[in-house]
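The lines below spell out each chain.
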Amino acid sequence: QVQLVESGGGLVQAGGSLRLSCTASGSIVSINAMGWYRQAPGKQRELVATITGGGSTNYADSVKGRFTISRDNAKNTVYLQMNSLKPEDTAVYYCNMYINPGKYWHDYWGQGTQVTVSS
């Protein structure tokens, strides 16, 4: 069994910062790509940022220059540093990891953490 547990969400004023963390645990042989997605009320889930096993990053245009994704392979953890937050960043944020638990690769998702940015 593989579990992803997120933390770091909360309520912040516009212009503030938050740091999200997501740690994978369980039967893990290897982790490839990691990423963060978000879903606002009434909207589809969208990509926020991804980071490959080699450390290459990709960001949605809406967060470029404000958000930074990073990973700690020794801790099976991915981070999302969010600066200069805007009310439109309000959403449930989900982490995603592409993990090999022993034989085949699978996509795994965290339970989601709420980020609310007040104006």
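As shown above, the structure is provided for reference.
Attention here is on the structure that accompanies the text. Everything quoted here is computed from the prediction, not taken from an experiment. (Residues numbered from 1 in each chain as written. Predicted model: local features only at pLDDT ≥ 70, side-chain atom pairs only at ≥ 80, totals over all residues. Heavy atoms only, no water.)

1. Side note on the overall build of the protein chain
- Looking only at helices and strands, the protein chain has zero helices and 11 strands in total.
- Start at the N end of the protein chain and walk to the C end: the helices and strands fall as β-β-β-β-β-β-β-β-β-β-β.
- Taking 2.2 N^0.38 as the reference for a compact globule, 119 residues should give roughly 14 Å; the C-alpha atoms of the protein chain span a radius of gyration of 14 Å, in line with that estimate.
- Sorting the 119 residues of the protein chain into buried and exposed places 40% on the buried side.
- Intrachain contacts of the protein chain at a sequence separation of at least 6 include 56% that bridge at least 24 residues.
- Surface exposure of the protein chain reaches about 6,300 Å², of which carbon and sulfur atoms provide 46%.
- Positive and negative charge centroids in the protein chain, built from 10 and 7 side chains respectively, lie 3 Å apart. (Helix = DSSP H or I, 4+ residues; strand = E, 2+ residues; numbered from the N terminus. Rg over C-alpha atoms; globule rule 2.2 N^0.38 Å. Buried < 20%, exposed > 50% of the residue type's maximum accessible area, 1.4 Å probe, protein only. Contact = heavy atoms within 4.5 Å. Areas by Shrake-Rupley, 256 points an atom, 1.4 Å probe, with all protein chains shown as cover. Lys, Arg positive; Asp, Glu negative; His and termini not counted. Charge placed at Lys NZ, Arg CZ, Asp CG, Glu CD.)

2. Quick word on the side chain of Asp89
- In this fold, Asp89 is placed in the loop between strand 8 (77-82) and strand 9 (91-100).
- A polar side-chain atom of Asp89 sits 2.7 Å from a polar atom in the side chain of Arg66.
- A polar atom in the side chain of Asp89 sits 2.8 Å from the backbone nitrogen of Lys86.
- Beyond its immediate chain neighbours, meaning those up to four positions away, Asp89 contacts Arg38, Arg66, Phe67, Ser84, Val115 and Val117. (Polar contact = N/O pair within 3.5 Å; in protein donor to acceptor, adjacent residues only side chain to side chain.)

3. Considerations on the packing of aromatic side chains
- Under the defined criterion, the tally for this structure stands at two aromatic pairs.
- Here Tyr98 and Trp105 contribute two aromatic rings whose centre-to-centre distance is 5.3 Å and whose plane-to-plane angle is 25°, an arrangement assigned as stacked.
- If you follow Arg19 out to its NZ or CZ, it ends over the ring of Tyr79, 4.0 Å from the centre.
- Over the ring of Trp109 we find Arg45, and its NZ or CZ is 4.8 Å from the ring centre. (Phe/Tyr/Trp six-rings, centres within 6.5 Å; stacked < 30°, edge-to-face > 60°. Lys NZ or Arg CZ within 6 Å of the ring centre and 35° of its normal.)

4. Quick notes on the state of the cysteines
- The tally for this structure, following the rule as stated, stands at one disulfide.
- Residue Cys22 pairs covalently with Cys95 via a disulfide, S to S 2.0 Å. Remark: Cys95 occurs in strand 9 and Cys22 occurs in strand 3 (residues 18-26); sequence separation between them is 73 residues. (Disulfide = S-S within 2.5 Å.)

5. Describing the sheet that holds strand 3
- Spatial ordering of the open sheet is given by 1-3-8-7, a layout of four strands whose pairing is antiparallel. Edge positions in the sheet fall to strand 1 (2-7) and strand 7 (67-72), since each has one partner strand and no second. Pairwise comparison of adjacent strand axes, ignoring direction, gives a mean angle of 15° for this sheet.
- In this sheet, strand 8 lies alongside strand 3 in antiparallel orientation, the contact comprising six bridges. What sits directly across from Ser21, in strand 8, is Tyr79. (Pairing = 2+ DSSP bridges. Axes fitted to C-alpha atoms, helices over the stretch in contact; angles between N-to-C directions.)

No statement about biological role is implied by the geometric values presented.
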